[in-house]
Amino acid sequence: MKHATPLRAATMLDPSSPAAFRESARALVDAEITPYLARWERQGTVTRSLFEAMGRAGVFGIGVPVDQGGLGLDLAHGIAFGRAVMREPAAGVCTSLSVLTHLVAPLLAGHGTPGQRDRWLRPILAGEAVASVALTEPGGGSDLVRSVAATARSEPDGWVLRGEKTFITNAPLADVLIVLARTTPGASALGLTLFLVPADLPGVVVTPLTTAGLHTSPTGRVSLEDCRLPREAVLGRPGLALALLAGILPQERLAIAAGALACARWALERTARLVGPTGQAMAELAWWDAELEAAETFVDVTVEQIGGADDQLDAALAKTASARLAQRVVQECARLSGPDAFRDDESAPGMLTVLRDVRVFSVYGGSCETVRDMAATEILRGARTTGQGPHHAQE
Ligand SMILES: Cc1cc2nc3c(=O)[nH]c(=O)nc-3n(C[C@H](O)[C@H](O)[C@H](O)COP(=O)(O)OP(=O)(O)OC[C@H]3O[C@@H](n4cnc5c(N)ncnc54)[C@H](O)[C@@H]3O)c2cc1C
């Protein structure tokens, strides 16, 4: 008897257990990302269909409470989803999705008014709207207190926003941008405010940027030319932008750390298949495997302890160490792969894509050196509450 082919159920994330979640994440990636990756890489951008499919599956609501339309899961699930995406050399896709899952959705869920959540969070979770977080300016992005020159002037009926943002992920496709601007003159950390800016507001001009890597992730420059915003465009409270951002920074940095290591692991596994099971090359790969394993464990432990006293510091260290390690592993894998690393295969992204992409993990989320210097200052002043920091050494 001939059986009718069952209709394939729409692929959704399954929150019922960690194992079911990981399996559903892999199935979602296999169905909605892998088949399109090479095309997006050639086109230099993903399409809106990616956000629609991921929204329908629940990706942007992984960490959003259930009563706000999310899955109500912890950061470990968000990281597991990123790892499922990074089973392919898909750092650009992972970056574009991460902005929504780890930055936009938590900011709106945690600090949005009911009106803002209804207007923006609901469609973002459903995959009907795309969003960006616009902090970086031509003057810099790691040290925001010093570098933000965009201003929002208070007027009786609202705000007038003026400035330039650059290297903004998703900007060419965005419906809304979360923009950081100075609301009090001077260099005070309490002078910065976040605004929800519709991308079609008069005065908002987005120019796509061509980048050296992450070709699938649409990136843009945003000009804000006297944009008039209503009072209720403020996200959170005026002057408290850095406090809001500090609340999500560890999650973002841990997602970047995990992404960097996953990128390196892809390169390692590909190189292992290429060089075969014996010989000097495999011995070298075994060392890198051990280093990756240690770094992955550090990321996982920090993810588990998120919300603890040391999470800012540990996430900063995890981001910096993982990004630097990933770059070394990918470089070494490229060397061991010989000329094969330089083959540009149009049918599927490969080593060349990873070589281009891996550099970014040291840049975004705060450059490695800036993050390292901030972390070093914290360690030296004895800020760490656990472990073997300098204050323990003196006991
Ligand atoms: C692909 C991509 C996507 C991005 N997406 C976004 C986005 O969506 N939203 C957003 O707001 N921003 C985004 N950014 C911007 C990014 O976050 C910033 O570029 C990053 O924080 C670095 O900021 P910066 O320009 O201030 O560089 P800096 O931190 O000033 O670093 C510049 C250079 O100086 C080096 N350096 C700094 N300090 C030291 C030191 N003490 N010793 C030695 N060297 C040092 C760094 O290593 C780096 O090479 C993106 C960037 C890229 C490349």
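From a predicted model like this one, the values you see are computed outputs, not experimental measurements. (Residues numbered from 1 in each chain as written. Predicted model: local features only at pLDDT ≥ 70, side-chain atom pairs only at ≥ 80, totals over all residues. Heavy atoms only, no water.)

Considering the UniProt feature "domain: Acyl-CoA dehydrogenase/oxidase N-terminal" (unreviewed entry) in the protein chain
The residues that UniProt annotates with the feature "domain: Acyl-CoA dehydrogenase/oxidase N-terminal" (unreviewed entry) are residues 20-128. In residues 20-128, helix accounts for 69% and strand for 0%; the two terminal C-alpha atoms are 26 Å from one another. (UniProt positions renumbered as here; feature names shortened; annotations may be inferred. Helix = DSSP H or I, 4+ residues; strand = E, 2+ residues; numbered from the N terminus.)

Structural notes on the confidence of the model for the protein chain
In regions of low pLDDT, the predicted coordinates are not meant to be interpreted in detail. Mean pLDDT over the protein chain works out to 92, with 95% of the residues at or above the 70 mark. Throughout residues 1-9 the model reports pLDDT below 50, and contacts reaching past four residues in sequence, or to other chains, amount to one contact. Predicted confidence for residues 388-395 stays below pLDDT 50, and this span has five contacts to residues more than four positions away or in other chains. Overall fold confidence (pTM) sits at 0.93, and the ipTM for the predicted complex is 0.96. (pLDDT = per-residue confidence, 0-100. Contact = heavy atoms within 4.5 Å.)

Description of the side chain of histidine 77
Position of histidine 77 among the secondary structure elements: in helix H4 (residues 75-85). The contact partners of histidine 77, leaving out residues within four places of it in the chain, are Pro18, Phe21 and Ile62.

So, the layout of surface pockets
For the second largest pocket, the calculated volume is near 580 Å³. Taken together, 25 residues make up the lining of the second largest pocket; nearest its centre are Arg22, Ile79, Ala80, Arg83 and Ala84. Counting only elements with at least two residues in the lining of the second largest pocket, the list comes to helix H1 (18-32), H4, helix H8 (241-275) and helix H9 (280-304). In terms of residue count, the dominant contributor to the lining of the second largest pocket is H8 (eight residues). Of the residues belonging to the lining of the second largest pocket, the class tally is 12 nonpolar, one polar and 12 charged. (1 Å grid on protein atoms, 1.4 Å probe; cavity = no way out; pocket = protein on both sides within 12 Å on 5 of 7 lines; lining within 4 Å. Points joined across faces, edges and corners; volume = space filled by probe spheres on them. Nonpolar A, V, L, I, M, F, W, Y, C, P; charged D, E, K, R; others polar.)

Remarks on the environment of phenylalanine 361
With respect to the helices, strands and loops of the structure, phenylalanine 361 is situated in the loop between helix H11 (351-357) and helix H12 (368-380). With 34 residues separating them in the primary sequence, phenylalanine 361 and glutamine 327 have C-alpha atoms 8.5 Å apart. Leave out the neighbours within four places in its chain, and phenylalanine 361 touches Ala91, Ile256, Gly259, Ala260, Cys263, Lys319 and Ala323.

Examining the pairing of strand E3 (residues 158-169)
Burial within E3 is extensive, with nine of its 12 residues counted as buried. Between strand E2 (residues 151-155) and E3, which pair antiparallel and follow one another directly, the connecting turn spans two residues. The pairing of E3 with strand E7 (residues 219-229) spans eight bridges and is antiparallel. Across the sheet, the residue bridging to lysine 165 is valine 222, located in E7. (Buried < 20%, exposed > 50% of the residue type's maximum accessible area, 1.4 Å probe, protein only. Pairing = 2+ DSSP bridges.)

Some words on the site of the ligand
Around the ligand sit 21 residues in total, of which Thr136, Gly141, Ser142, Ser367 and Glu369 are the nearest. The separation between a nitrogen atom of the ligand and a polar main-chain atom of phenylalanine 167 is 2.8 Å. Secondary structure elements with two or more residues in the shell around the ligand: strand E1 (131-134), E3 and H12. By residue number, the principal contributor to the shell around the ligand is H12, which donates four residues. (Near = heavy atom within 4 Å. Polar contact = N/O pair within 3.5 Å; in protein donor to acceptor, adjacent residues only side chain to side chain.)

A few points about the side chain of threonine 320
The topology assignment puts threonine 320 in helix H10 (residues 311-337). A residue is classified by how much of its surface remains accessible, and threonine 320, at 8% relative accessible area, is buried.

Here's the deal with the pattern of salt bridges
Overall, the coordinates contain 19 salt bridges when judged by the stated rule. In this structure, aspartate 143 and arginine 146 form a salt bridge, with 2.9 Å as the shortest nitrogen-oxygen distance. According to the relative accessible area criterion, aspartate 143 is partly exposed, its value standing at 26%. Classification of arginine 146 as exposed rests on a relative accessible area of 70%. Residue arginine 335 is joined to glutamate 332 by a salt bridge in which the shortest nitrogen-to-oxygen separation is 2.6 Å. On the criterion of helical spacing, the pair formed by arginine 335 and glutamate 332 is a turn pair, its members being three residues apart in helix H10. (Salt bridge = Lys/Arg side-chain N within 4 Å of Asp/Glu carboxyl O.)

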